[in-house]
Amino acid sequence: MTDLKTDIIHRGDCLEILRGLPDRSVDMVFADPPYNLQLGGDLLRPDNSKVDAVDDDWDKFDSFAAYDAFCRDWLKECRRVLKDEGSLWVIGSYHNIFRLGTAIQDIGYWVLNDIVWRKTNPMPNFKGTRFTNAHETLIWAAKSREQKRYTFNYDALKAFNEDTQMRSDWTFALCTGEERIKGEDGKKAHPTQKPEALLHRVILAATRPGDVILDPFFGTGTTGAAAKRLGRHYIGIERDPEYANVAEKRIKAVLPARPEDLIVTGSKRAEVKVPFGALVEAGLLSPGDVLYCPKGEREARVRADGSLVSGAMSGSIHKLGALFENAPACNGWTYWRFRTDTGLRSIDALRAEVRAGMQ
């Protein structure tokens, strides 16, 4: 297997370089491929000034068939180099995202979400013949339908979003102002530079510190800059030497966050499972101890096998809690209390003690 070099920008054709990367070597792929806009001529503003549109050679293909063949080739290679628990992110506009989505599913990826990036400052529709195109779409996909595990930092995103579940519609401004990289001539260095805030959220959502992120269409290095800042590694592929030089200079100036500031908020789903009986085995509760409902008005006794009993009713902490509340289900860990010198306390605190010892 070829050694994988990270924190590097490969200059050249993406397909040729992808074929040289080892199997199952990267944790995430973020791809911002050509849009294939199929522009028929110059786009003019009402004052007849020319709009700086995407008319570069890298966005031109002879036909939809040629574009589809290109996309399927690089998507297949990205799937090969993804680790079995890795994921793919692809961004596009209405010009190409549906073609990409079809290819993604045909090749064997499994779509997890589509994300709408709503732009706060979109370019107007100058001709007034269509709606203002104010969003782009991201597709997030696992490597296969059979994939059981992939990184999703749900709790981190929830904390990031003021303790509210992160939605699939994200609002960011287009890359403007100081963030927009310009050449010596004052013009945009790249026509489709993405805001680093967008990559920050993608990376925060689907990777861990130390993971390797591959970007086969690196451009001016937004993925690499965000990855370095967040303590991840990157592999960039870019065929345009000017873009690659801008990216290299840009990333070199990035100061990474301190390792202690990159710790990802843990998910309860990822925590070590602790059965209620483990509390009895550990001596934190004993057979015959009494547990109470949240308000203390009803009680049950702990049995040696980790079940609870109250009169003629018995069962697990979850089952008996549900019976007491006449509910279809109950989280016994947050329902039951044990008595302390300062009052009633949740048995979840005892579970935390056992879990800490197990870890």
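Coordinates for the structure precede this section.
Quantities reported herein were computed from a predicted structural model and do not represent experimental measurements. (Residues numbered from 1 in each chain as written. Predicted model: local features only at pLDDT ≥ 70, side-chain atom pairs only at ≥ 80, totals over all residues. Heavy atoms only, no water.)

Q: Now, about the packing of aromatic side chains: what can you tell me, with residues and values included?
A: Applying the stated criterion across every chain, the model contains 13 aromatic pairs. Measuring from ring centre to ring centre gives 5.3 Å for Trp 140 and Phe 152, while their planes differ by 45°; the resulting arrangement is tilted. Of the two residues, Trp 140 is situated in strand β5 (residues 135-142) and Phe 152 in the loop between β5 and α4 (154-160); the sequence distance between them amounts to twelve residues. On the basis of relative accessibility, which here comes to 4%, the residue Trp 140 falls in the buried class. When its relative accessible area of 37% is taken as the criterion, Phe 152 is described as partly exposed. Of the aromatic side chains, those joined through ring pairs into one cluster are Trp 89, Trp 140, Tyr 150, Phe 152, Tyr 154 and Trp 170. The residue whose ring lies beneath Arg 79 is Tyr 109, and the NZ or CZ to ring-centre distance is 6.0 Å. Of note, Arg 298 hangs over the ring of Phe 324, and the distance from its end group to the ring centre comes to 4.1 Å. (Phe/Tyr/Trp six-rings, centres within 6.5 Å; stacked < 30°, edge-to-face > 60°. Helix = DSSP H or I, 4+ residues; strand = E, 2+ residues; numbered from the N terminus. Buried < 20%, exposed > 50% of the residue type's maximum accessible area, 1.4 Å probe, protein only. Lys NZ or Arg CZ within 6 Å of the ring centre and 35° of its normal.)

Q: Could you give me a rundown of the sheet that holds strand β2 (residues 26-31), with the residues and numbers involved?
A: With mixed pairing, eight strands are arranged side by side in an open sheet as β1-β8-β7-β2-β3-β5-β4-β6. Either end of the sheet is taken by a strand with one partner, and the two such strands are β1 (8-11) and β6 (169-172). Strand-to-strand twist across the sheet, computed as the mean angle between neighbouring axes with direction ignored, equals 20°. Alignment of strand β3 (residues 82-92) against β5, held across six bridges, turns out to be antiparallel. (Pairing = 2+ DSSP bridges. Axes fitted to C-alpha atoms, helices over the stretch in contact; angles between N-to-C directions.)

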